[in-house]
Amino acid sequence: MIVLSELWFVLVAVLFIGFFFLEGFDFGVGMSVRLLARDDVERRIMINTIGPFWDANEVWLITAGGAIFAAFPHWYATMFSGYYIPFVFVLIALIGRGVAFEFRGKVDSRKWAKTWDWVIFFGSLLPPFLFGVLFSSILRGMPIDKNMNLSAGFSDFVNVYSVTGGITVTLLCLLHGALFLTLKTTSEIRKRARGFAGRLIWVVLASLTAFVSLSAFETDLFTVRGNITLPLVGLIVASYGLAVFFISKKRDGWSFAMTGAGIALTIGMIFTALFPRVMVSSIQSAYDLTVYNASSGDYSMKVMTIVAVSLLPFVIGYQIWSYYVFRKRVDEKDLTY
Amino acid sequence: MSELVLARLQFGSTTIFHFLFVPLSIGLVFMVAVMETMYVVKNQEVYKKMAKFWGHLFLINFAIGVVTGILQEFQFGMNWSEYSRFVGDVFGAPLAIEALLAFFMESTFLGIWIFGWDRLSKKVHLACIWLVSLGTVLSAFWILAANSFMQEPVGFVINNGRAEMNDLFALLTNPQLLVEFPHTIFGALATGAFFIGGVSTYKIMKKQEVHIFKKSFDIAMVVALIAGMGVAFSGHAQAKHLMESQPMKMAASEGLWEDSGDPAAWTMFALIDSENKENSFEIKIPYALSYLAYEKFKGEVPGMNTLQAQYEEKYGEGNYIPPVNTTFWSFRIMAGTGIAMIFAAALGLFYSFREKLDANRWFLKGMTVLIAFPFLANTAGWIMTEIGRQPWTVFGLMTTAASVSPNVSKGSLLFSLIIFTTMYAVLAGVLIYLFVKEIKKGADHDSVIGHSASVDPFDKEAYNL
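Reading the values: rules and limits
- Residues numbered from 1 in each chain as written.
- Chains lettered and ligands numbered in written order.
- Predicted model: local features only at pLDDT ≥ 70, side-chain atom pairs only at ≥ 80, totals over all residues.
- Heavy atoms only, no water.
- Helix = DSSP H or I, 4+ residues; strand = E, 2+ residues; numbered from the N terminus.
- Rg over C-alpha atoms; globule rule 2.2 N^0.38 Å.
- Buried < 20%, exposed > 50% of the residue type's maximum accessible area, 1.4 Å probe, protein only.
- Contact = heavy atoms within 4.5 Å.
- Areas by Shrake-Rupley, 256 points an atom, 1.4 Å probe, with all protein chains shown as cover.
- Lys, Arg positive; Asp, Glu negative; His and termini not counted.
- Charge placed at Lys NZ, Arg CZ, Asp CG, Glu CD.
- Axes fitted to C-alpha atoms, helices over the stretch in contact; angles between N-to-C directions.
- Parallel < 35°, antiparallel > 145°, perpendicular 65-115°, else oblique.
- Nonpolar A, V, L, I, M, F, W, Y, C, P; charged D, E, K, R; others polar.
- Buried area = accessible area lost by both parts, 1.4 Å probe.
- Salt bridge = Lys/Arg side-chain N within 4 Å of Asp/Glu carboxyl O.
- Core = buried A, V, L, I, M, F, W, Y, C linked by side-chain atoms within 4.5 Å.
- Patch = residues over 30% accessible without salt bridge, like charges linked within 9 Å, V, L, I, M, F, W, Y side chains within 5 Å.
- Polar contact = N/O pair within 3.5 Å; in protein donor to acceptor, adjacent residues only side chain to side chain.
- UniProt positions renumbered as here; feature names shortened; annotations may be inferred.
- Left-handed = near helix turned anticlockwise from the far one by under 90°.

## Description of the overall build of chain B
Step number 1: Looking only at helices and strands, chain B has 17 helices and six strands in total.
Step number 2: Over its C-alpha trace chain B gives a radius of gyration of 24 Å, about what one expects of a compact globule, namely 23 Å for 465 residues.
Step number 3: Seen through its C-alpha atoms, chain B measures out along the principal axes to roughly 75 × 50 × 40 Å.
Step number 4: Evaluated residue by residue, chain B yields a buried proportion of 60% over its 465 residues.
Step number 5: Contacts spanning at least 24 positions in sequence make up 77% of the contacts within chain B whose residues lie at least 6 apart.
Step number 6: Element-wise, carbon and sulfur atoms account for 66% of the exposed surface of chain B, whose accessible area totals about 17600 Å².
Step number 7: Once the 33 positive and 38 negative side-chain charges of chain B are each reduced to a mean point, those two points are 12 Å apart.

Structure follows, in structure tokens:
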């Protein structure tokens, strides 16, 4: 029988996969606003492709945070207090980005819009980068003491491996976002986004290769759970290989699905390698936080399981409906949007 | 300043800021939903214009409420890790359920509502805004369930030095929650109503789009009066309950050092010297405190000195008296502004019914000033609830001093405190700027822009509520 705390580990992983898959493309679109758009109309169009969705996408992160709090209080306490400064920056980014989407169009001024465009750009760039740094450094191990407290120095947060992880996750999101744009826009922007994705994917592949190779030295990604992580790496390579193919064939839907699968598999690989640990201690493995020593009581877990299992289908259902409602492409002629 | 003081300062300031927006969002979206319902039922364009105009203001406000809420969730782990370890089992569950049940609903259906005016049938579109409204209320319920646990811990056992949940039903029927939830929701509805009321009287005074704003004003005042009464009754219930659950908070909010004597008089005004534990000047209303505490004109209310002795016996040595002046005055600000609002709402309805609104310029002006009142009341109420619970984070179980993260340095705290307060100040400025802009534009601006050739046609469409 599966232990509830193990099930909750899977659920947390699923929530993060959902977050990176969904918010991944809107982070990517957010970055594209400064990278790909040529004028104000194009910027507006790009933002509108994610307009109805980004807020709900972000709730995946909030739910993941809540789930960790409820199911693994020690994980929540250790991670959020240990990564204090990175989380300050994540919050600044998310706060700025969220209001920027809402405020940008409220004043008829170029300067005003431009300011918020930059907020959207950095607000979309920083979170995936910082979460990439966070997850790779967790995997590498952080100085967690016997009281489960994490007091790390600068080089624990920032090192070649964690920065590579950060850049990789950011690039995965950027590519995913560019492909989302090919699905939701027309003519010029669509072509440009596709061309951009076609070039970017090689950078993504290089970055992923660097990340996975470094993982072999810096972490126990392949020694602890090699029989699962190795095939996962194979699948990731296959996804992005197919993405290269589909982009060249202009099959936008399939390309997007492949980068989505790539993101899901990458996050899945990180969580698989972690299990049953949730945070690795670099001091000694006895201090690792695991799904067993960091979890809530049995009753709490049961209640939460019932709640989650009964609510998630509805959530997924109406979120799918929202994508169905706004299935049309966005363009400048579509005045009824 | 110690880490504890900094962490408390940050938590206090970010929570108060967050709670300026939450009640307004809950209140406004409810009113927008009512207006859109009238549009669908009566099929008159004027109600659609109203829903869109107030919807604009709601969205600006909602955005800040949402983003500052993320900070609230993360902050428990960041600044109060010991607290999170101790109560995560009980406290985390309502937070997670809130996200699953309420946040997803709010955000998804709000997205559909904003961009869906021309994509959905009228009824489906209306259903979306009601689902958003329901989401905000559900969200409040779960957050208050978590907060009520801090005021009155129920449904748990202590296991391995941690509080573990053993009865969710107890958590959801927490007596504290049953009085706190209606009080907060009525307060939120009153906030939305007075905001709409005050902006409407401003526009009426300026003679702009008077027919739209008179209609808005009427709806707002009906809601304001009902909500105002609701706030008063649920507030009274809460005070009564305080006598059982946190008598110390009651005593502090009354500046009552010694036992009151029977019957207890209510202190309207006092100069409190908490150093020497005495009041130098007091104005009292006989019998009133007995009524407040027990709903009858007799009964003694224990004072802080008595309770301090009791608590020391029960919990060991320590200071169990919260900051008295803060608790005392926040209660009076809350109750005073609350009563003023009830009178204003009744008067507003009377004038409107008699069609004498335009003639009473002082009243129109007064209503605009009164926009500040619900915010004062909400903030004061929150301060009283939270400060009055000190030194406890979880009443009787864990002190605030023991809750703070041991591994977060003073430098980090100072850094985050400066960053967040600066950022929040900027946001507040932008919000007020945008509010004023939207209000000046008025309810008809959608169609006006529609006729002019906008530089960026998408701009208008994107926010074409």
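## Remarks on the packing of helix H2 (residues 45-79) of chain B against helix H15 (residues 410-441) of chain B
Residue and element names in this part refer to chain B.
Step number 1: As a packed pair, H2 and H15 sit with axes 10 Å apart at the nearest point and diverge in direction by 170 degrees. One finds that H2 runs roughly antiparallel with respect to H15. Taken together, the residues of H15 that come into contact with H2 (itself represented by Phe53, His56, Leu57, Ile60, Asn61, Ile64, Thr68, Leu71 and Asn79) are Leu413, Phe420, Tyr424, Leu427, Leu431, Leu434, Phe435, Glu438 and Ile439.
Step number 2: Residues that form the contact of H2 with H15 fall into these classes: 13 nonpolar, four polar and one charged.

## Remarks on the interface of chain A and chain B
Step number 1: Facing the 82 residues of chain A at the interface are 79 residues of chain B.
Step number 2: Across the chain A/chain B interface, buried area totals approximately 7100 Å², and carbon plus sulfur atoms make up 72% of it.
Step number 3: Across the contact surface, chain A and chain B share zero salt bridges.
Step number 4: Listing elements by their share of the side of chain A that touches chain B, those giving two or more residues are helix H2 (40-50), helix H3 (54-71), helix H4 (73-82), helix H5 (84-103), helix H6 (110-140) and helix H13 (298-325) of chain A.
Step number 5: Top contributing element to the side of chain A that touches chain B by residue count: H5 of chain A, with 16 residues.
Step number 6: Split by residue class, the side of chain A that touches chain B holds 48 nonpolar, 22 polar and twelve charged.

## Quick look at the nonpolar core
Step number 1: By size, the foremost hydrophobic cluster in this structure holds 248 residues, and its most contacted members are Phe16 of chain A together with Trp54 of chain B.
Step number 2: The residues contacting Phe16 of chain A, other than those within four sequence positions of it, are Leu61, Ala64, Ile68, Phe135, Ile267 and Phe271 of chain A.

## Considering a negative patch on the surface
Residue and element names in this part refer to chain B.
Step number 1: On the surface, a cluster of negative charge is contributed by Glu258, Asp259, Asp262 and Glu300.
Step number 2: Assignment of secondary structure puts Glu300 in the loop between helix H9 (288-294) and helix H10 (304-315).
Step number 3: A relative accessible area of 40% means that Glu300 is categorised as partly exposed.

## Comments concerning the pattern of salt bridges
Step number 1: Applying the stated criterion to the full structure yields 23 salt bridges over all chains.
Step number 2: A salt bridge links Arg162 of chain B to Asp89 of chain B; its shortest N-O distance comes to 3.7 Å. Taken together, the residues Arg162 of chain B in strand E2 (residues 162-165) and Asp89 of chain B in helix H3 (residues 81-115) connect sequence positions 73 residues apart.
Step number 3: Of the residues examined, Arg162 of chain B reaches a relative accessible area of 9% and is grouped as buried.
Step number 4: Given a relative accessible area of 0%, Asp89 of chain B falls into the buried group.
Step number 5: Between Glu438 of chain B and Lys441 of chain B there is a salt bridge; the shortest N-O distance is 3.7 Å. Linking Glu438 of chain B with Lys441 of chain B, this pair stays in helix H15, spanning three residues, or about one helical turn.
Step number 6: For Glu438 of chain B, a relative accessible area of 1% gives the class buried.
Step number 7: Take Lys441 of chain B: its relative accessible area is 35%, and that puts it in the partly exposed class.
Step number 8: Here the salt bridges share partners, and the residues they tie into one network are Glu23, Asp26, Glu58 and Arg97 of chain A.

## Regarding the side chain of Asn360 of chain B
Step number 1: Secondary-structure assignment places Asn360 of chain B in the loop between helix H11 (324-353) and helix H12 (361-369).
Step number 2: A polar side-chain atom of Asn360 of chain B sits 3.0 Å from the main-chain carbonyl oxygen of Lys356 of chain B.

## Quick notes on the UniProt feature "transmembrane region" (unreviewed entry) in chain A
Residues and elements named next belong to chain A.
Step number 1: Mapped onto this structure's residue numbering, the UniProt feature "transmembrane region" (unreviewed entry) falls at residues 6-37, 83-103, 115-139, 159-183, 195-216, 228-247, 254-275 and 303-326.
Step number 2: The span residues 6-37 shows a helical share of 94% and a strand share of 0%, and its end C-alpha atoms are spaced 44 Å apart.
Step number 3: Its end C-alpha atoms 33 Å apart, residues 195-216 is made of 100% helix and 0% strand.

## Description of the packing of helix H9 (residues 187-218) of chain A against helix H12 (residues 252-274) of chain A
Residue and element names in this part refer to chain A.
Step number 1: Orientation of H9 relative to H12, taken along the N-to-C sense of each, is 25 degrees, at an axis distance of 12 Å. Taken together, H9 and H12 sit at an angle that is classed as roughly parallel. Pair H9 / H12 crosses with left-handed handedness. The segment H9 lies against H12, with Arg190, Arg194, Leu208, Phe211 and Val212 engaging Asp252, Thr266, Met269 and Ile270.
Step number 2: When grouped by side-chain class, the residues that make up the contact of H9 with H12 number five nonpolar, one polar and three charged.

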